[in-house]
Amino acid sequence: MLGEMNRLVHGFALTQGLHPTDVHALSFVLDNSDATTPGLLREHLGLTSGAVTACLDRLEKAGHIRRSRADDDRRVVHIHYVEGARSVARTYFMPLAQAAERARGRFSEEEIAVVLRYLNALNDELGELRVPPR
């Protein structure tokens, strides 16, 4: 499953002239709305500050994100997903969402609950194995 999802991520990255890590960054920005900062992104991705800056530069150049300064503290940078770029990502990944929904339809609510419990437990365990921050 992870291999297939990675192939989709790599395909999207290729069509957008991005690195696969950039797509993971976009996902984080999308999930965290206007609260995303380069520091949070660095922590989430496990990258150096310089690597995050290069990633954000690529994403901004490709038209996927914009950066803004906080009104109350100009040192704080916020990362925003550009609205038009969201539709590009949604269109590309719609078949993934549809496939997930078709697969989900093959299971009862009780079976889905067990699968979710397992995946949450696995995610917790894998979270304990994270690489130390850089």
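Higher on the page you've got the structure.
Below or above, wherever it landed, is the structure these notes cover.

About the criteria used
- Residues numbered from 1 in each chain as written.
- Predicted model: local features only at pLDDT ≥ 70, side-chain atom pairs only at ≥ 80, totals over all residues.
- Heavy atoms only, no water.
- Helix = DSSP H or I, 4+ residues; strand = E, 2+ residues; numbered from the N terminus.
- Buried < 20%, exposed > 50% of the residue type's maximum accessible area, 1.4 Å probe, protein only.
- Contact = heavy atoms within 4.5 Å.
- Areas by Shrake-Rupley, 256 points an atom, 1.4 Å probe, with all protein chains shown as cover.
- 1 Å grid on protein atoms, 1.4 Å probe; cavity = no way out; pocket = protein on both sides within 12 Å on 5 of 7 lines; lining within 4 Å.
- Points joined across faces, edges and corners; volume = space filled by probe spheres on them.
- Nonpolar A, V, L, I, M, F, W, Y, C, P; charged D, E, K, R; others polar.
- Pairing = 2+ DSSP bridges.
- Phe/Tyr/Trp six-rings, centres within 6.5 Å; stacked < 30°, edge-to-face > 60°.
- Core = buried A, V, L, I, M, F, W, Y, C linked by side-chain atoms within 4.5 Å.

As for the overall build of the chain
When helices and strands are counted, the chain shows 6 helices and 2 strands. Ordered by position from the N terminus, the helices and strands of the chain form the series α-α-α-α-β-β-α-α. In terms of its C-alpha atoms, the chain occupies a principal-axis envelope of roughly 50 × 35 × 25 Å. In the chain, which comprises 134 residues, the share counted as buried stands at 23%. Within the chain, contacts between residues separated by at least 24 positions form 47% of all contacts whose residues are at least 6 apart in sequence. Accessible surface computed for the chain: about 9400 Å², of which carbon and sulfur atoms make up 56%.

Description of the layout of surface pockets
Taken as a whole, the largest pocket spans an internal volume of roughly 2100 Å³. What lines the largest pocket is a set of 48 residues, among which Leu2, Met5, His24, Ser27 and Asn123 lie closest to the centre. At the level of secondary structure, the elements contributing two or more residues to the lining of the largest pocket comprise helix H1 (2-16), helix H2 (20-32), helix H3 (38-45), helix H5 (83-104) and helix H6 (109-127). Ranked by residue count, the leading element in the lining of the largest pocket is H5, at 11 residues. Here the residues of the lining of the largest pocket sort into 31 nonpolar, 9 polar and 8 charged.

Description of the pairing of strand E2 (residues 77-81)
Among the 5 residues in E2, 4 count as buried, and that is most of the element. Sheet topology places strand E1 (residues 65-69) next to E2; 5 bridges connect them, and they run antiparallel. Bridging across to E2, arginine 66 finds its partner in histidine 80.

Side note on the packing of aromatic side chains
The relation between two aromatic rings is expressed through the spacing of the ring centres and the mutual angle of the planes. Counted according to the given criterion, the structure contains 3 aromatic pairs. Residues phenylalanine 12 and phenylalanine 93 carry aromatic rings whose centres are separated by 5.1 Å and whose planes lie at 50 degrees to one another, so their mutual orientation is tilted. Residue phenylalanine 12 is found in helix H1, and its partner phenylalanine 93 is found in helix H5; the two are separated by 81 residues along the sequence. Chaining the aromatic ring pairs together yields one cluster made of Phe12, Tyr92 and Phe93.

So, the nonpolar core
Counting residues in hydrophobic clusters, the biggest one holds 21 residues, and the most contacted among them are Leu26, Leu41, Leu56 and Leu59. The dominant element in this core, judged by the number of residues it contributes, is H2, at 5 residues. If we skip the residues at most four places from it in the chain, leucine 26 touches Phe12, Leu18, Leu59, His64, Ile65 and Tyr81.

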